[in-house]
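Residues per chain, in single letters:
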Amino acid sequence: MPQSNHYSHQSRSHNDRRRQQPDEKVQATVNIGQRFPLTIRRLGINGEGIGYYKHVITFVKGALPEEVVVAEVTAVHPRYLEAKIRSIRKPSPDRVDPRDAYAGEVGGFELEHLDYPAQLAFKQDLIRQALEKYRPAGYRHYDVRPTIGMTNPYEYRNKAQFQVRLIDGHVAAGLYKENSHDLVDLPTCSVQMPATMTVMRQVVAWLEELQVPIYDEEHNSGIVKTIVVREAAATGEIQLVFITNTPKLPKKHQLLMKIAEKLPMVVSVMQNINAGKTSLIWGDQTTLLAGKPTITEELDGLVFDLSARAFFQLNPQQTKKLYRLAREALNLAPNETLVDAYSGVGTIGLSLADVAKEVRGMDTIPAAVADANANAQRNQITNAHYEVGEAEVLLPQWLASGFAPDAMVVDPPRTGLDNVLIDAILQSAPEKLVYISCNPSTLAQDLQALTRGYQVDYIQSIDMFPQTARCEAVVRFTKRH
Ligand SMILES: C[S@@+](CC[C@H](N)C(=O)[O-])C[C@H]1O[C@@H](n2cnc3c(N)ncnc32)[C@H](O)[C@@H]1O
């Protein structure tokens, strides 16, 4: 789970400046291990409770607004403190017991102790907080709509990518503790689609039973490093990938026989070879062990063949809602051309191709673009085309060659839009503009620039990752005339 820094509501340059100016007063008066009572005022962008100890902003993991906790300092930084909860003197009425016992230990469960309606309110509020920090003209009038949640905010993730290690002589599969390589075994996981966990745990049990050598990071020995299980929600097909240290996978035939006999939903078994000590999970070479090389997913009538490395949104139920929001916001006419910028495997643009004259998209990852064009073909879509390149380079080139899009959807990574791209958007001024954001902070910054040429009609947040602090939003703009 990617983590942004605590000051991510502030401008990047401001943030850097603060880091270069140590506040010696804080360092001199506070020690690691020091304890004090603290009233929590709000949640930060990573879901930690925020309080002020002698005016110094203090981030307390697991604490909730309105709680009074005894905080114990775990890190002293030039301008802020990090702390853990020692005890809770006054709990929040929104505090609930997390379903996953390990929720506070590994990334991806930052809000599991917060009641779901309060999680949704937090995500709406994060956007408001970010906008207030930047104060773009007229921000107070923005219509920041209540976050669209899930009826069941569990069992939504279609993919489990778990590290495999030996712990006390037993095969464990799970996630690392934050900022470490200490593995936490996950026998259950409330946010995973149930079949992904059934397959994961069964395979782990067979690895142990057959005594398949498990990777040992310290000695760079052993073989199985990671197991990836992905389910196509619409068809129920599952792909299983063994990521290994060597091309050889001992007991391969026994494993494949057991999988064929006991796990009929697994229609694709792959092996990816990633040799040696490396921080990368995937290696370059992927081979087919059994079944077919892809699983078939469907989204709003479109079909996608997903290979092991292909990107696909992790929450299929909410992805449908997200793309419908984009469709409503763009409200395309049949004679309009659309740019799908930061297109990934083309799912947004392809889902809109039926209501557009032409879709052009781009992404920096060649494999994603190849998938996008293959996905277009697979669905007999002839008016969509994807190119490899940076949005900030390709869009100006397209404009220079006379292409004048009527509509544009941008879905950038957490870093937001490049300034050159913002200038190109303002210059070409497509009539319709929709921004899909996964980071309220950079969204707020980009809105400041975009409101030179556009007005914000509304900001609709949608919860793509319940139980986490991640926040996604769709912004609809209207061009200023
Ligand atoms: C949030 S994902 C969007 C994926 C896609 N729109 C979807 O719905 O699945 C952001 C994408 O932007 C791509 N990307 C990152 N920097 C880029 C750039 N400068 N120009 C174009 N694409 C970029 C990444 O490769 C990634 O696929």
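Residues numbered from 1 in each chain as written. Predicted model: local features only at pLDDT ≥ 70, side-chain atom pairs only at ≥ 80, totals over all residues. Heavy atoms only, no water.

### Let's talk about the site of the ligand
Thinking step 1. Lining the immediate environment of the ligand, one finds 18 residues, of which Tyr323, Tyr342, Asp363, Ala391 and Asp411 sit closest.
Thinking step 2. In this structure, Thr364 approaches the ligand through a side-chain N or O atom, which is 3.5 Å from a nitrogen atom.
Thinking step 3. Mapped onto the shell around the ligand, the elements with two or more residues apiece are α7 (347-352) and α9 (391-400).
Thinking step 4. Each residue belonging to the shell around the ligand can be placed in one class, and the counts come to eight nonpolar, six polar and four charged. (Near = heavy atom within 4 Å. Polar contact = N/O pair within 3.5 Å; in protein donor to acceptor, adjacent residues only side chain to side chain. Helix = DSSP H or I, 4+ residues; strand = E, 2+ residues; numbered from the N terminus. Nonpolar A, V, L, I, M, F, W, Y, C, P; charged D, E, K, R; others polar.)

### Re the UniProt feature "active site" in the protein
Thinking step 1. The residues that UniProt annotates with the feature "active site" are Cys438.
Thinking step 2. Structurally, Cys438 can be placed in the loop between β21 (432-437) and α11 (440-450). (UniProt positions renumbered as here; feature names shortened; annotations may be inferred.)

### A word on the pattern of salt bridges
Thinking step 1. A complete count under the given rule lists 19 salt bridges for this structure.
Thinking step 2. The shortest N-O distance in the salt bridge between Arg201 and Asp185 comes to 3.1 Å. Separated by 16 residues along the polypeptide, Arg201 in helix α4 (residues 194-209) and Asp185 in strand β10 (residues 183-185) bring together distant segments of the chain.
Thinking step 3. Residue Asp185 is classed as partly exposed on the basis of its relative accessible area, which comes to 28%.
Thinking step 4. Across the pair Glu209 and Lys258 runs a salt bridge whose closest N-O atoms are separated by 3.0 Å. One end of the pair, Glu209, is in helix α4; the other, Lys258, is in helix α5 (residues 252-262), with 49 residues separating them in the sequence.
Thinking step 5. Look at Lys258 and you get partly exposed, because its relative accessible area is 23%.
Thinking step 6. One connected set of salt bridges, linked through shared partners, spans Arg35, Glu72 and Arg86. (Salt bridge = Lys/Arg side-chain N within 4 Å of Asp/Glu carboxyl O. Buried < 20%, exposed > 50% of the residue type's maximum accessible area, 1.4 Å probe, protein only.)

### Digging into α9
Thinking step 1. The complete set of buried residues in α9 reads Ala391, Glu392, Leu394, Leu395, Trp398 and Leu399.
Thinking step 2. Looking at the buried residues of α9, the elements they touch are β17 (337-341), β18 (358-363), β19 (384-388), β20 (407-410) and α10 (419-428).
Thinking step 3. Just beyond α9, the residue with positive phi is Gly402, at close to 100 degrees. (Contact = heavy atoms within 4.5 Å.)

### Description of the packing of aromatic side chains
Thinking step 1. Per the stated rule, a full pass over the model turns up six aromatic pairs.
Thinking step 2. Their ring planes at 90 degrees and their centres at 6.1 Å tell us that Trp398 and Phe403 sit as a pair that is edge-to-face. Taken individually, Trp398 and Phe403 each receive the classification buried, so the pair is uniform in this respect.
Thinking step 3. With 6.0 Å between their ring centres and 75 degrees between their planes, Tyr454 and Phe477 make a pair best called edge-to-face. (Phe/Tyr/Trp six-rings, centres within 6.5 Å; stacked < 30°, edge-to-face > 60°.)

### A few points about the packing of α10 against α11
Thinking step 1. For the pair α10 and α11, interaxial distance at closest approach is 10 Å and the crossing angle is 35 degrees. Between α10 and α11 lies a crossing whose hand is right-handed. Here α10 contributes Ile422, Ile425 and Leu426 to the contact with α11, which in turn contributes Asp446, Ala449 and Leu450. (Axes fitted to C-alpha atoms, helices over the stretch in contact; angles between N-to-C directions. Left-handed = near helix turned anticlockwise from the far one by under 90°.)

### Things to note about the nonpolar core
Taken as a class, soluble globular proteins show a tendency for nonpolar side chains to be buried jointly.
Thinking step 1. Counting 79 residues, the largest nonpolar core has Val203, Leu207, Val224, Ile227, Leu240, Phe242 and Ile259 as the members making the most contacts within it.
Thinking step 2. In terms of residues, this core owes the most to one element, α4, which gives seven residues.
Thinking step 3. Two domains each donate at least three residues to this core, and these are domain 2 (120-151 + 315-479) and domain 3 (162-306).
Thinking step 4. Excluding residues within four positions of it along the chain, Leu207 makes contact with Val164, Val171, Val212, Ile214, Val224, Ile227, Phe242 and Leu255. (Core = buried A, V, L, I, M, F, W, Y, C linked by side-chain atoms within 4.5 Å. Domains from an automatic or database assignment.)

### As for unusual backbone geometry
Thinking step 1. The backbone of Glu66 shows a phi angle near 75 degrees, a positive value even though the residue is not glycine.
Thinking step 2. You can call Glu66 exposed: its relative accessible area is 54%.
Thinking step 3. Of note in this structure, Asp168 is not a glycine but carries a positive phi near 50 degrees.

### Brief notes about the confidence of the model for the protein
Regions with low pLDDT carry predicted coordinates that are not meant to be interpreted in detail.
Thinking step 1. Mean pLDDT for the protein: 92, with 93% of residues reaching 70 or above.
Thinking step 2. Overall, residues 1-22 carries pLDDT values under 50, and its contacts beyond four positions in sequence, including any with other chains, amount to 52 contacts. (pLDDT = per-residue confidence, 0-100.)

### So, α4
Thinking step 1. For α4, spanning 16 residues, the distance from its first C-alpha to its last is 23 Å, which sits close to the expected 22 Å at 1.5 Å a residue.
Thinking step 2. Along α4, the residues classified as buried are Thr196, Met197, Val199, Met200, Val203, Val204, Trp206 and Leu207.
Thinking step 3. Summarising the contacts, the buried residues of α4 are in contact with β8 (159-167), β9 (170-176), β11 (224-231), β12 (238-244), α5 and β13 (266-273).
Thinking step 4. Two residues or fewer after α4 comes Gln211, characterised by a positive phi angle close to 55 degrees. (Expected span 1.5 Å × (residues − 1).)

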